Every structure is written in C-alpha cells, then in structure tokens.
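Structure at a glance
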Amino acid sequence: MEKKDLDWSNLGFGYVKTDKRYVSNFKNGAWDEGALTDDADIVLNECAGVFQYAQTVFEGLKAYTTEDGHIVTFRPDLNASRLADSARRLEMPVFPEERFVDAVQKVVEANAAYVPPYGSGATLYIRPYMMGTNPVIGVKPADEYQFRMFCTPVGPYFKGGAKPITIRVSDYDRAAPCGTGNIKAGLNYAMSLHAIVTAHADGFDENMYLDPKTRTKVEETGGANFIFVTKDNKLVTPKSDSILPSITRRSLVYVAEHYLGMKVEHREVYFDEVKDFAEAGLCGTAAVISPIGKIVDHGKEILIPSGMEEMGPVTKKLYDTLTGIQMGRIEAPEGWIKRI
Ligand code: PLP
Ligand code: COI
C-alpha cells in the first residue's frame, strides 16, 4: 500500500483530513448498522442537543506502524468501555463496545495510507465521539445521537517532543467534586480553555489542577494524568474521583510493576510532596510521556531534579518500554495490541 506524501517527521498535533470516517446514528432506541463515509461535514438542526447543552463525549487512541511493518492499535477495548461510562454519565445511549472496536479496525484499515511509517515519530490519532443530534430546548437529554470516528496523523503534543516542559498550578478548577472530571466529556475541555490560553500567554506549557475541594492534592492537567518517581525509585500516580482514568497511566502502572520491577503507589498525592520527587511527567495518549522540568506555584519554582534538558532515567525507561510495546519492539501483555 502506497503511503500519502506527508512530511511525517514534522507533523504537529493537528487535524489532517483523511479519506474515510465511520458514522452510526441512534434513533427510536436503536443504533443503525453504521458505515464508512467520505463526508467529513456534519449538518445538524440549529437546536441539536450538542449545541444547546453540550451533550457530547469523546475518546482518543492511536494506531502505530510496528518495527516489522504491521499496523496495530493499543487497548481499544478500554477506550470502548470508557466511552460507555462517559455516555452513561451524560444520559446518552451506549455505543456497543464490540462495535466500537470493530469501527476502529474499519477506520484505520480504510486510512492505512495515513498511518505514519515506523520510526517517523508520528502516529495516527483516532477520535471517536458521540453527540445529541435532535432538537432539545428544555434541559433534558436528546433522543437521537450520532457516533462518529475519524483519524488524523499527528506528531508530538508538545512542541519540542521529549523536552521537559514547565507547568503552573492553576487558579481555576477543571472539575467539581462529584462532577464530570472522571469522564471524557467535551464540557470538561471547554472548562479548561481559558486556563490553558492564559497559561500559554504567561509562558507555561500546561496547568496543574489541584483537587477542587481543598486545593491541596494533585489532580491532572487539561489533557493528561501525572506520574511521579520517588528518590527511591517508586512510581507514584495520583488517585482522585475527579480525574480521567488514563489508559496510558494504567498501562504504565503495569509496565512499572511487571517489566521494570518497580513498586507503584496509586494514591492521593499532596502538592506539598511534589518538591521531594526525583522525576515528574504527564501521561496520556496524545502526551505519551512528557517530562516535567519545572512546576511554578504562584511564583514559587519547584525544580524537578531531572532538570530541563532531558527525561529522567526512570521516566525514560517507562517511555521506552511503553512505546516499545506499542511499536512491536517489546512483547506486549496479552490482549494489549490489536492488529489491523
Ligand atoms: N486526562 C485527561 C483530562 C485527558 O484528556 C486524557 C486524554 O485522553 C488523559 C488524562 C489521558 O488518558 P489516556 O491515557 O487514556 O489517553
Ligand atoms: C488524548 O490524549 O487522547 C486526549 O484526548 C487529550 C487531548 C488533550 C488531545
């Protein structure tokens, strides 16, 4: 198969229109059979539920070219079940999980020419999402929905790739206690836009959100979970009911324990502890693992000992093992890799 003529190694994290996307509609209590389409545009009624009351949820996963030239996806079943959790929380119908995984197969296969080559540093980002489509004016769930899935080739989420980033503690919250922080709803990201724009304007790469109730515990960023490494080589990941259960983080916990022989603590992490960690990073599908060099709390700087030049040694081991599994260089745990 002939690849598209793209400058793979210089792609940013942006949208490139690819050939095919998948669409299925929910009406009268049932999903239709769904199909691939060429049409990248959506035409909806002006009063559609998604426009009025933000009834939309989404997912993000990637397809990779392996060292031996296959195309694979990473744990799509977990994205299917998280989308189902998100849908239930916003009173939307669940798109059947096995059909989700099948749609991933179809979309990647149909756009195989856009899957970046092995070694290019780029990957194919897949964006499944669902929205309320029929007119809704009283505050209530829609009756009709559309599920869609498109893909776009992407490069690193942060410019500079694996260079450590600088983040700041945000004065804004992205989630409320007992709110929607633990699901992947568009509304959570709308909440974070002002905070990210102002953080960028002030010279920071991202925000660290603290727990909305007490502002003493580390939550996550606008688009990734945190990982920390202690001076005695333990992996620590924050536990909270108002953060997204990152598939990358859950995978790294397994990798740390079973591949690297590390101890792992998944627990509440107080902001006061952060100054004592040896390494820090963000993890997520888009972020992969992005090392953190500096955290700024209202002008007070915390310099992470691993520094501003490169990833710390343990972060690097985690990164190499995770991406090695994704790109077929390292044997994957049973069921993690789905070949297209
Ligand atoms: N937290 C937020 C708010 C996110 O948007 C994401 C991205 O999906 C993550 C964490 C990381 O989750 P995952 O590793 O499943 O991509
Ligand atoms: C992902 O990592 O898939 C996300 O959805 C994060 C988003 C900020 C791009």
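Now for a look at the structure at hand. (Residues numbered from 1 in each chain as written. Chains lettered and ligands numbered in written order. Predicted model: local features only at pLDDT ≥ 70, side-chain atom pairs only at ≥ 80, totals over all residues. Heavy atoms only, no water.)

**As for the packing of aromatic side chains**
Inspection of every chain in the model, using the stated rule, returns 17 aromatic pairs. A ring pair is formed by Phe13 and Tyr157, whose centres lie 4.9 Å apart and whose planes are at 80°; its orientation type is edge-to-face. Within this pair, whereas Phe13 is found in the segment before strand 1 (21-27), its partner Tyr157 is found in the loop between strand 8 (145-154) and strand 9 (165-169), the two being separated by 144 residues in sequence. Owing to a relative accessible area of 30%, Phe13 belongs among the partly exposed residues under this scheme. Judged by relative accessible area, which is 38%, Tyr157 ranks as partly exposed. Centre to centre, the rings of Phe26 and Trp31 are 5.1 Å apart; their planes meet at 65°, and the pair counts as edge-to-face. Classification of Phe26 as buried rests on a relative accessible area of 13%. Accessibility expressed as a relative area gives 15% for Trp31, which makes it buried. (Phe/Tyr/Trp six-rings, centres within 6.5 Å; stacked < 30°, edge-to-face > 60°. Helix = DSSP H or I, 4+ residues; strand = E, 2+ residues; numbered from the N terminus. Buried < 20%, exposed > 50% of the residue type's maximum accessible area, 1.4 Å probe, protein only.)

**Points about a nonpolar patch on the surface**
The grouping of Tyr53, Ile137 and Val139 at the surface amounts to a nonpolar patch, some 350 Å² of accessible area in total. A relative accessible area of 37% means that Tyr53 is categorised as partly exposed. (Patch = residues over 30% accessible without salt bridge, like charges linked within 9 Å, V, L, I, M, F, W, Y side chains within 5 Å. Areas by Shrake-Rupley, 256 points an atom, 1.4 Å probe, with all protein chains shown as cover. Salt bridge = Lys/Arg side-chain N within 4 Å of Asp/Glu carboxyl O.)

**Some remarks on the nonpolar core**
In globular proteins that are soluble, nonpolar side chains generally tend to be buried together. Counting 33 residues, the largest nonpolar core has Phe100, Val108, Ile126, Met130, Phe147 and Met149 as its most contacted members. Counting residues per element, the ones that place at least two in this core are strand 1, strand 5 (61-65), helix 2 (76-89), helix 3 (97-110), strand 7 (123-132) and strand 8. At six residues, the largest contribution of residues to this core is made by helix 3. Those residues in contact with Met130, other than ones at most four positions away along the chain, are Trp31, Gln55, Thr56, Val57, Leu83, Ala87, Met92, Pro93, Phe95, Gln146 and Phe147. Among the nonpolar cores identified, the runner-up in size contains 22 residues, and Phe271, Val274, Ile295 and Ile302 belong to it. (Core = buried A, V, L, I, M, F, W, Y, C linked by side-chain atoms within 4.5 Å. Contact = heavy atoms within 4.5 Å.)

**Comments concerning the pairing of strand 7**
Within strand 7, nine of the ten residues are buried, which leaves the element mostly enclosed by the surrounding structure. Here strand 4 (residues 56-58) runs beside strand 7; their pairing, made up of three bridges, is antiparallel. Bridge pairing links Val57 to Met130 in strand 7. Of the pairings in the sheet, the one linking strand 5 to strand 7 comprises three bridges and is antiparallel in character. When the sheet's bridge partners are listed, Leu61 is paired in strand 7 with Ile126. One ladder, built from ten bridges, connects strand 7 with strand 8; its direction is antiparallel. Looking across to strand 8, one finds that Arg127 is bridged to Phe150. (Pairing = 2+ DSSP bridges.)

**Let's talk about the site of ligand 2**
Surrounding ligand 2, one finds Phe13, Phe58, Gly60, Tyr125, Arg127, Tyr157, Lys184, Gly223, Thr285 and Ala286. In the complex, the protein chains occlude 89% of the 280 Å² of accessible area that ligand 2 would expose alone. Grouping the constituent residues of the shell around ligand 2 by class yields five nonpolar, three polar and two charged. (Near = heavy atom within 4 Å. Nonpolar A, V, L, I, M, F, W, Y, C, P; charged D, E, K, R; others polar.)

**A look at the site of ligand 1**
By nearness alone, 16 residues border ligand 1, and Tyr189, Glu220, Ser246, Thr248 and Thr285 come closest of all. Within the side chain of Arg82, one N or O atom sits 2.8 Å away from an oxygen atom of ligand 1. Within the contact set of ligand 1, an oxygen atom lies 2.4 Å away from a side-chain nitrogen or oxygen of Tyr189. Across the complex, the protein chains shield 97% of the 380 Å² of accessible surface that ligand 1 would expose by itself. Of all elements in the fold, only helix 5 (247-258) and strand 14 (279-284) reach the threshold of two or more residues within the shell around ligand 1. Across the shell around ligand 1, the residue classes break down as five nonpolar, seven polar and four charged. (Polar contact = N/O pair within 3.5 Å; in protein donor to acceptor, adjacent residues only side chain to side chain.)

**Focus on helix 2**
In a regular helix each residue adds 1.5 Å, so 14 residues correspond to 20 Å; helix 2 covers 20 Å between its end C-alpha atoms and thus fits that length. Among the residues making up helix 2, those that are buried are Pro76, Leu78, Asn79, Ala80, Arg82, Leu83, Ala84, Ser86 and Ala87. Immediately downstream of helix 2, the backbone of Glu91 shows phi near 55°, a positive value. (Expected span 1.5 Å × (residues − 1).)

**Some details on the packing of helix 2 against helix 3**
For any two helices packed against each other, the geometry comes down to the angle between their axes and how far apart the axes lie. Helix 3 packs onto helix 2 with a crossing angle of 130° between their chain directions and a minimal axis gap of 9 Å. Relative to helix 3, helix 2 is oriented oblique. Both helix 2 and helix 3 take part in a crossing whose hand is right-handed. Mapping the contact onto sequence places Pro76, Asp77, Asn79, Ala80, Ser81, Leu83 and Ala84 in helix 2 and Glu97, Phe100, Val101 and Val104 in helix 3. Grouping the amino acids of the contact of helix 2 with helix 3 by side-chain chemistry returns seven nonpolar, two polar and two charged. (Axes fitted to C-alpha atoms, helices over the stretch in contact; angles between N-to-C directions. Parallel < 35°, antiparallel > 145°, perpendicular 65-115°, else oblique. Left-handed = near helix turned anticlockwise from the far one by under 90°.)

**Description of the pattern of salt bridges**
Evaluation of the coordinates by the stated rule reveals 17 salt bridges. Salt-bridge contacts for Lys217 lead to Glu268; the nearest nitrogen and oxygen are separated by 3.3 Å. Linking Lys217 in the loop between strand 10 (206-208) and strand 11 (225-229) with Glu268 in the loop between strand 13 (264-267) and strand 14, this pair joins segments that are 51 residues apart in sequence. Lys217 sits in the buried class, given a relative accessible area of 18%. The closest approach of N and O atoms between Glu273 and Arg267, which form a salt bridge, is 3.0 Å. Residue classification places Glu273 among the partly exposed positions, given a relative accessible area of 22%. Looking at Arg267, the relative accessible area reads 26%, which means it is partly exposed.

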